[in-house]
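Observations on chain architecture
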Amino acid sequence: MTDWMDIVFKAFWCGCAAVGFAILFNSPARALFAVFLCGSLAGFLKFSVLLPGVGGGIIMASAAGAAAVGFASIPVSHWRHVPPIVISIPSVIPLIPGSFAYRTILGLISFVSNTEMEVLTKTAHHGVMTFFIILALSLGVTLPMLLFRIESVKKVNYSLPDWWKKK
Amino acid sequence: MTGHTIEEPARLGNLLLQAGIALIKSGAGSSRVITNLSRFANAYGYEANVDLGTRNISISLHRETRGNIFSGSRSIATLPGANFKVITAISQLSWDVAEKKISLEESEKIINRVFDIPTYKRPVILLFTGIAGSAFCFTFGGNSIEMAITFLATAVGLFFKQEMVHKKYNPFMITYGSAVVAAAVVGICWKIGIESNLEHAFATSILFLIPGVLLINAIIDLIDGHIINGVDRGINALLHAFSIASGLATVLYIFKVL
């Protein structure tokens with residue numbers, strides 16, 4: 001139970017971070033609450049997938065969070081009348097692997113004086129993690145566009161298919 | 001919609017160039033710029049051929065079988081930033097043009113005013129970015145003292161960045177300088193003994209400088225097939241990341257944390 005409370009707290013703070021970046025990027029005020037919701041959704045999914053019971057790695061967790069934001073950004077951008085990137089980019093920024101990037105650079109710096117093999121392999125590992133997490137975030141955000149082969153979210157059709165209506 | 005007069009292609013062309021440059025300046029991805037501009041041109045019965053870089057744009061207009069009737073280009077002096085209000089405004093305008101057929105004059109009025117759209121007040125930006133910084137600190141596992149220090153460091157660093165942007169320094173110098181200032185705030189708090197372990201605060205105080213829009217746009221451009229623009233943005237983001245890291249390393253070296 002405490003695990004879940006922890007996740008809800010982290011999700012809340014992810015939402016706050018997303019709103020902070022939305023304001024830094026000068027997003028329209030009507031999009032801010034939506035950004036908070038999407039940012040929280042991303043954080044919630046990321047930390048849920050990271051739970052030992054689920055057992056996904058950090059890359060899968062980031063991809064799941066980003067994909068959720070990508071799909072959520074389509075109805076939300078209709079709702080708030082803004083382009084989807086205005087919602088999706090600030091929402092996934094809390095998932096950016098800052099600590100991996102930080103350790104990569106620290107590792108590189110310590111490699112100047114400490115030439116042990118272990119330093120190099122650890123640094124390379126952190127660098128690769130940084131790259132793949134960012135790749136997962138971008139792919140997750142663009143996934144709906146790639147799947148639906150659309151140029152604009154206004155063309156997404158939410159109505160039920162014809163064969164369903166005839167029943 | 002206006003009748004097709006002699007000067008219409010030239011006016012439409014200039015409008016498209018202005019809109020395109022505004023989108024590039026505001027951090028829109030390549031596909032988004034091309035989609036928006038094509039929607040504009042199609043609404044007035046023209047076809048736009050757009051050649052797009054990350055700092056320049058050229059447009060040729062033509063109509064069905066007839067030859068080229070307009071070409072022009074624009075470029076910007078500085079690297080693009082992020083302004084989502086401008087992207088929203090132009091996206092909405094392109095839909096209004098396509099659906100309601102508003103006239104060229106009205107579109108020109110809106111495009112000319114697009115950079116007059118107000119930004120948030122400076123204290124608001126500082127406050128919320130500070131909160132974002134401490135939120136990062138929490139998700140990385142920091143305690144409440146570290147969160148408070150990160151808030152302070154982020155706000156001071158961003159204030160310094162805004163001042164440097166105002167004085168038109170080189171963007172990578174701005175990023176480096178802001179990283180030094182933000183990390184130095186944490187370093188000073190550590191030196192005067194507020195908290196003995198500030199690893200989380202050091203790592204998260206500089207995260208407001210992360211070029212998130214560039215990183216994500218870089219990959220999106222690559223996926224969409226705008227390879228050169230994607231690589232351009234990717235290298236740009238990498239240089240920013242390296243500036244951040246050098247700034248942080250400078251401070252860690254000065255305070256002998258390393």
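Here is what the cut-offs are and how they apply
Residues numbered from 1 in each chain as written. Chains lettered and ligands numbered in written order. Predicted model: local features only at pLDDT ≥ 70, side-chain atom pairs only at ≥ 80, totals over all residues. Helix = DSSP H or I, 4+ residues; strand = E, 2+ residues; numbered from the N terminus. Buried ≥ 20, exposed ≤ 12 C-beta atoms within 10 Å, placed from the backbone. Contact = placed C-beta atoms within 7 Å. Nonpolar A, V, L, I, M, F, W, Y, C, P; charged D, E, K, R; others polar. Domains from an automatic or database assignment. Pairing = 2+ DSSP bridges. Axes fitted to C-alpha atoms, helices over the stretch in contact; angles between N-to-C directions. Expected span 1.5 Å × (residues − 1). Parallel < 35°, antiparallel > 145°, perpendicular 65-115°, else oblique. Left-handed = near helix turned anticlockwise from the far one by under 90°.

The helix and strand tally for chain A stands at seven helices and zero strands. Along chain A, helices (α) and strands (β) appear in the sequence α-α-α-α-α-α-α when read from the amino end. Counting the 167 residues in chain A, one finds 49% classified as buried. Residue pairs in contact within chain A that sit at least 24 positions apart in sequence constitute 66% of those at least 6 positions apart.

Here the focus is the interface of chain A and chain B. The partner chain B presents 37 residues to the 37 residues of chain A that form the contact. For the side of chain A that touches chain B, the secondary-structure elements that each account for two or more residues are α1 (2–24), α4 (84–92), α5 (98–111) and α6 (117–148) of chain A. By residue number, the principal contributor to the side of chain A that touches chain B is α1 of chain A, which donates ten residues. Looking at the side of chain A that touches chain B, its residues break down into 25 nonpolar, ten polar and two charged.

Glancing now at the domain arrangement of chain B. All names here are of chain B. Under the domain assignment, chain B is made up of domain 1 (8–116) and domain 2 (122–254). Between domain 1 and domain 2, the C-alpha centre-to-centre distance is 33 Å. On the domain 2 side, the residues contacting the nine residues of domain 1 number eleven residues. Of the residues contributing to the side of domain 1 that touches domain 2, the split by class is three nonpolar, six polar and no charged.

Residue and element names in this part refer to chain B. Reading across the sheet, the three strands line up as β1-β2-β3 and stay open at both edges, with antiparallel pairing between neighbours. Only two strands of the sheet have a single partner each, and these edge strands are β1 (47–52) and β3 (68–75). Taking the axes of each pair of neighbouring strands and ignoring which way they run, one obtains an average angle of 15° across the sheet. Packed onto the sheet, helix α2 (residues 30–43) meets β1 and β2 (56–62) and runs at close to 155° relative to β1.

Take helix α7 (residues 171–191) of chain B next. Under the 1.5 Å per step criterion, the end-to-end length of α7 of chain B is 30 Å for 21 residues, consistent within 8% with the ideal 30 Å. Just beyond α7 of chain B, the residue with positive phi is glycine 193 of chain B, at close to 80°.

Turning next to the pairing of β2 of chain B. Residues and elements named next belong to chain B. Alternating positions in β2 separate cleanly, Ile57, Ile59 and Leu61 being buried on one face and Asn56, Ser58, Ser60 and His62 remaining unburied on the opposite face. In terms of strand pairing, β1 meets β2 through six bridges, oriented antiparallel. Paired with valine 50 across the strands is isoleucine 59, a residue of β2. The loop that links β1 with its antiparallel partner β2 comprises three residues. The hairpin formed by β2 and β3 contains five residues between the paired strands, and glutamate 64 there has a positive phi angle of roughly 40°.

Turning to the packing of helix α2 (residues 32–49) of chain A against α4 of chain A, a few remarks are in order. All names here are of chain A. Their axes nearest at 8 Å, the elements α2 and α4 cross at an angle of 45°. Classed by the angle they form, the pair α2 and α4 counts as oblique. Crossing of α2 against α4: the hand is right-handed. Note on element contacts: α4 touches α2 through Ile87, Pro90, Ser91 and Val92, opposite Ala34, Val35, Cys38, Gly39 and Ala42. Residue classes in the contact of α2 with α4 are distributed as seven nonpolar, two polar and no charged.

Unusually for a residue other than glycine, asparagine 26 of chain A sits at a positive phi of about 60°. With respect to the helices and strands, the residue asparagine 26 of chain A is situated in the loop between α1 and α2. The phi dihedral of lysine 168 of chain B is positive, around 60°, even though this residue is not glycine. Assignment of secondary structure puts lysine 168 of chain B in the loop between α6 (144–166) and α7. Using a count of 10 C-beta atoms within 10 Å as the deciding quantity, one classes lysine 168 of chain B as exposed.

In this section: the environment of glycine 157 of chain B. Residues and elements named next belong to chain B. Within the fold, glycine 157 resides in helix α6. Look at glycine 157 and you get buried, because 29 C-beta atoms sit within 10 Å. Between the C-alpha atoms of glycine 157 and threonine 119, which are 38 residues apart in sequence, the distance is 19 Å. Sequence-distant contacts of glycine 157, defined by excluding residues within four places in its chain, comprise Ser178, Val181, Ala182, Ser205 and Phe208.

Let us look at the packing of helix α9 (residues 212–224) of chain B against helix α10 (residues 227–254) of chain B. Residues and elements named next belong to chain B. Closest axis-to-axis distance for the α9/α10 pair is 7 Å, and the angle between their directions is 155°. Put simply, α9 runs roughly antiparallel to α10. Crossing handedness for the pair α9 and α10: left-handed. Facing α9, whose interface residues are Leu214, Leu215, Asn217, Ala218, Asp221 and Leu222, α10 presents Ile227, Asn229, Gly230, Arg233, Gly234, Asn236, Ala237 and His240. Taken together, the residues of the contact of α9 with α10 break down into six nonpolar, six polar and two charged.

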